[in-house]
Every structure is written in structure tokens, then in C-alpha cells.
Amino acid sequence: MLVRVLDGVDAFLDHLGSVDFLPLALAIGCHLLKMACTSRAWRNVLAAAYPECRVPWVSIYGAYLAGVGINAIIPARAGDAVRIVLAHRAIKGSTYTTIVSSTLVLSFFDMFAASLFLGWALTTDKLPGLDVLARLESFDFAWILSRPLLLELVVAGVLIGIGVLAFWIAGHVADFREHVGQAFRVLSPPTRYLGRVATWQAADWGLRLLTIWFLLDAFNIPQTLENTTLVQVSSSVATLFPITPAGVGTEQAFLLYVLSGVASASVLLAFSVGAKLTLTLTNVVAGFTAIALTLRTVRFRKALGPLPEGAE
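Notes on the structure follow. (Residues numbered from 1 in each chain as written. Predicted model: local features only at pLDDT ≥ 70, side-chain atom pairs only at ≥ 80, totals over all residues. Heavy atoms only, no water.)

## What about the overall build of the chain?
Filter applied, for reference: Numbered from the N terminus, helices here are DSSP runs of H or I no shorter than four residues, and strands are runs of E no shorter than two. To sort residues, take the accessible area from a 1.4 Å probe on protein chains only and compare it with the maximum for the residue type: under 20% means buried, over 50% means exposed, and anything in between is partly exposed. For this analysis, residues touch if any pair of their heavy atoms sits within 4.5 Å. Calculation of accessible area relied on Shrake-Rupley with a 1.4 Å probe; when residues are assessed, cover is drawn exclusively from the protein chains displayed.
Each helix and strand in the chain was counted, giving 13 helices and 0 strands. For the chain, the N- to C-terminal ordering of α and β elements is α-α-α-α-α-α-α-α-α-α-α-α-α. Looking at the chain residue by residue over its 312 residues, the buried ones come to 46%. Considering only contacts within the chain whose residues lie at least 6 apart along the sequence, 72% involve residues at least 24 apart. Looking at the chain as shown, the accessible area adds up to about 15700 Å², and 68% of this sits on carbon and sulfur atoms.

## So, the packing of helix H10 (residues 190-218) against helix H13 (residues 265-295)
Two packed helices can be described by the angle between their axes and the distance between those axes. Threshold: Lines are fitted to the C-alpha atoms to define the axes, a helix being fitted only along its stretch in contact, and any angle between axes, read from their N-to-C directions, falls within 0 to 180 degrees. In these notes the angle categories are as follows: under 35 degrees is roughly parallel, over 145 is roughly antiparallel, 65 to 115 is roughly perpendicular, and the rest is oblique. Handedness of a crossing follows from how the near helix is turned relative to the far one, being left-handed for an anticlockwise turn of less than a right angle and right-handed for a clockwise one. Each residue receives one of three labels: charged for Asp, Glu, Lys and Arg, nonpolar for Ala, Val, Leu, Ile, Met, Phe, Trp, Tyr, Cys and Pro, and polar for the others, Gly being one of them.
Taken N-terminus to C-terminus, the directions of H10 and H13 make an angle of 130°; their axes are 11 Å apart at the nearest point. One finds that H10 runs oblique with respect to H13. As for how H10 packs across H13, the hand of that crossing is right-handed. On H13, the residues that touch Thr211, Leu215 and Leu216 of H10 are Phe271, Ala275 and Leu279. Partitioning the contact of H10 with H13 into residue classes produces 5 nonpolar, 1 polar and no charged.

## Description of helix H2 (residues 21-49)
To be explicit about the condition: A helix is expected to span 1.5 Å for every residue after the first. Pairs of N or O atoms are called polar contacts if they sit within 3.5 Å, as long as, within protein, a hydrogen donor faces a hydrogen acceptor (for residues adjacent in sequence, only side-chain-to-side-chain pairs).
Between the first and last C-alpha of H2 there are 42 Å, a value that for 29 residues agrees with the 42 Å anticipated at 1.5 Å per step. At the N-terminal boundary of H2, the capping side chain belongs to Asp20, with an oxygen 3.2 Å from the backbone nitrogen of Leu22.

## Describing the packing of aromatic side chains
Which entries qualify depends on this criterion: Two aromatic rings from Phe, Tyr or Trp, using only the six-membered ring of Trp, form a pair when their centres are within 6.5 Å; if the ring planes differ by under 30 degrees the pair is stacked, by over 60 it is edge-to-face, and anything between is tilted. Charge over a ring is defined by NZ of Lys or CZ of Arg lying within 6 Å of the ring centre and within 35 degrees of the ring normal.
Counted under the stated rule, the structure contains 5 aromatic pairs. Between Trp57 and Tyr61 the ring centres are 5.2 Å apart and the planes differ by 5°, which places this aromatic pair in the stacked class. With Trp57 and Tyr61 both in helix H3 (residues 57-73), this residue pair falls 4 residues apart, about one helical turn. Aromatic pair Phe108 and Phe184: ring centres 6.0 Å apart, planes at 45°, arrangement tilted. Of this pair, Phe108 sits in helix H5 (residues 96-123) while Phe184 sits in the loop between helix H9 (176-183) and H10, and the two are 76 residues apart along the sequence. Phe184 sits in the partly exposed class, given a relative accessible area of 22%. The residue whose ring lies beneath Arg208 is Trp205, and the NZ or CZ to ring-centre distance is 4.0 Å.

## Quick word on unusual backbone geometry
Put simply, Ser188 and Pro189 share a cis peptide bond, and its omega is 0°. Locating Pro189 in the fold gives a position in the loop between H9 and H10. The residue Asn220 is not glycine, and still its phi comes out positive at about 60°. By the secondary structure assignment, Asn220 is in the loop between H10 and helix H11 (225-240). Accessibility expressed as a relative area gives 53% for Asn220, which makes it exposed.

## Focus: the pattern of salt bridges
For the record, the criterion: One side-chain nitrogen of Lys or Arg within 4 Å of one carboxyl oxygen of Asp or Glu is enough to make a salt bridge.
If you walk through the whole model with that rule in mind, you get 3 salt bridges. The residue Arg83 makes a salt bridge to Asp80 at a minimum N-O spacing of 3.7 Å. Separated by 3 residues within a single helix, Arg83 and Asp80 lie in helix H4 (residues 78-90), roughly one turn from each other. The residue Asp110 makes a salt bridge to Arg208 at a minimum N-O spacing of 3.9 Å. Pair noted here: Asp110 is in helix H5 and Arg208 is in helix H10, with a separation of 98 residues, a long-range link. Here Asp110 falls in the partly exposed class, since its relative accessible area comes to 23%. The network of salt bridges with common partners includes Asp110, Asp204 and Arg208.

So, in C-alpha cells, the structure goes:
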């Protein structure tokens, strides 16, 4: 995988002179707006959970950016823990159970949207089958897909682990159901959820596609709705189980497969690496700026320090 990524970096450097920086800048702007929309939806879920408290959007936006920045450089969603802690700090009297559950509320729309895109992609026969994935170069999970028994054992282990964790939480967290229920208050009435959460998330997904549209233009790859959607599907697959920072390797492997024939392999390599570097750098800069402004330091581990007075 590392060799393939390095090949992509070389291709990106070779094509750097032909990159159009105006659409690249527009893509960065859309990406920042996309994160603002996501954080606004999250803030509204938290505000409904704690109607008696002031839930400042700026603080939640900062927490979200911090998490995105950490996730860009550390695999396995390490940044999610940081954003949960920072959001907890921002809301006096909040509980981790409710904060974590609030992200589940956001996942409803994301799963719905991702399923629509994936379902469409499956009808185009553009996605590789399991037999192809097992041989796909640079695909992070090829080794396990080529071993069916091991794959079944891993899936079973994950399901058992989730069940054990749920049982432990239910038995050890006081007022667990009450705290979880707080996060779902925004769903009642449904019009509140649609107007204050789903609308912002729909804008988020629209800006995701617009970001990809401008990135395709920057690297001189045909801008079509099909190409844009296939890139988004590749990104979703890469970040589903990120065992590498920012899903490097998996997304590149998918892009080279689903966009084969659209452009030369060198151009696709340059696009996959260039787009990933651009968005990753944007996430890191925005994330660590948010950490610096929130904690007065770029050491994100400080977020795990003592809680402010009054927090639970």
C-alpha cells in the first residue's frame, strides 16, 4: 500500500503544474462550509437535549473541527473522542452518554444518504465485487477478504464485542436510558428534526458533492454527476472502517477502479493523492487551529484533563 501511495505522490508532483488553483480554492471553501453545516446540525441536536442550557454553536463547531483534524492524522477515529470531550466541556451539566448518543442521531441521515449513493453506484456496475476486492491493489482489507473463515470470525467477534459493550454500559451507567433519551428529543416532533437537523445535513451532503466537483475540475478530470458520485462513494467506503489515517490506500484503490477509463492512470493517481492531501491539510489546519483557540495549546491530550467546574 505504501508503495502505491508514494507512486501517487510522485504522480501528483508531476501534475502539480497543471492543477487549476481557482477550483481548488473553491473546493476548500466548500469543504469548510460543509463542516460548518455538520456542526450546526450537531449543535441543534445538543440544544434540544439540553434546553435549559446555552449551547454555543462556536464551541461545538470548534469541537467538531478538532475531531476532524485529529482523525486526519490518526486512524481508528481517535478524533471522535476529542470532539466528544470538548463538546462535553462546552455544555455545563452534560453527560458523555448523551453527547455520544447525539452523534447517533446524526448518523441516521448520513446512513440514509450514503445508502442512496451506494445503491445507485451498485446499479452502475462500477463498484468492484468481493472477488475483485480480494485482489485489489492497495485495498486495506484485501488480506481478510481473501480468507473467508477469518472474515466470518472477525465479524462474529465484532458483533459479540458490541453486545458485551452494550450490556456493560446498560449495567454501569446510571440513568443510562434517560441520558440516551435526551439525545433523541430533537426527533419529537419530527418537523423539528427535519427543520433543524436534516436540513443542515442535506446541505452538508450537497457541499460534499460540490467539493468533489471542484476538485475534479482542478485536476482536469471530466466533471459529471456520475464521476462526482463515484468519488463520494469511494470516500465513504474508505472512511467506514479507517485503519489508516484518513483512509489512505482504500480510497485510492477504489478511485483507480471506479474511474478507470475516465482519465489516464497517472492523472487518477495525481487526483486521488492531490485531493486527499488538500482536504487532509485543510482538516489538520482547521482542527489544530480550533484546538489552539479552545485549549490555548495544540496539545489535544489536554482535552482529557480535568473538567471545568460544574461539568459531570
